[in-house]
Amino acid sequence: ISSVALFPNPTSGTIEVFGPAFDWVRIIDPLGRIVERIKKPERELDVSRLPSGTYLLQFGFEDQLFFARVIKK
């Protein structure tokens, strides 16, 4: 797998993650700060508590890194 997809995007609540079963995910805010770390994430991620904005999601799977952006309404 060479990519990850998020749906719906933009979102105001949860996003569904399409890709491998990731080992971890980091949610990074527009200033580059890690705002959340999740080990063994579920296929759905709840971003409802985050302020509105664009976030970078960094996914780890074995020795690979995947990135996706999500817009939180």
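Our subject is the structure listed above.
Model, not experiment: these values are computed from the prediction. Each chain carries its own residue numbering, running from 1 in the written order of its sequence. At least 70 in pLDDT is required for a residue's local features to be given in this predicted model, at least 80 for side-chain atom pairs to be given and counted, and no such filter applies to totals for whole chains, interfaces and linings, which use all residues. The side-chain quantities take in all heavy atoms of the structure and omit both hydrogens and water.

A. Representation of the pairing of strand 4 (residues 34–39). Two strands qualify as a pair provided DSSP detects at least 2 bridges between them. Each helix is a run of DSSP H or I of at least 4 residues and each strand a run of E of at least 2, with the numbering of both proceeding from the N terminus. In terms of strand pairing, strand 3 (residues 24–28) meets strand 4 through five bridges, oriented antiparallel. Counted as the bridge partner of R26 is R37 from strand 4. Where strand 3 folds back onto strand 4 in an antiparallel hairpin, the turn is made up of five residues, including G32, whose phi is positive at roughly 85°.

B. Broad picture of the sheet that holds strand 5 (residues 44–46). Spatially, the three strands line up as an open sheet ordered 1-2-5, and their pairing is antiparallel. Because the sheet does not close on itself, it has two edges, and the strands there are strand 1 (5–7) and strand 5. The average angle at which neighbouring strand axes cross in this sheet is 30°, direction not considered. Sheet topology places strand 2 (residues 14–18) next to strand 5; three bridges connect them, and they run antiparallel. Across the sheet, the residue bridging to T14 is D46, located in strand 5. Every angle, taken between N-to-C directions, lies between 0 and 180 degrees, and every axis is a line fitted to C-alpha atoms, over only the stretch in contact when it is a helix.

C. Region of the structure containing the pattern of salt bridges. Definition used for salt bridges: Asp or Glu carboxyl oxygen within 4 Å of a side-chain nitrogen of Lys or Arg. Following the criterion strictly, the structure yields four salt bridges and no others. The salt bridge partner of D29 is R33, with a shortest N-O separation of 2.7 Å. Between D46 and R49 there is a salt bridge, with the nearest N and O atoms lying 3.9 Å from each other. Throughout, exposure labels follow a simple rule: accessible area from a 1.4 Å probe, protein chains only, divided by the maximum for the residue type, with under 20% read as buried, over 50% as exposed, and the rest as partly exposed. Residue D46 is classed as partly exposed on the basis of its relative accessible area, which comes to 37%. Take R49: its relative accessible area is 51%, and that puts it in the exposed class. Each of E36, D46 and R49 takes part in a single network of salt bridges with overlapping partners.

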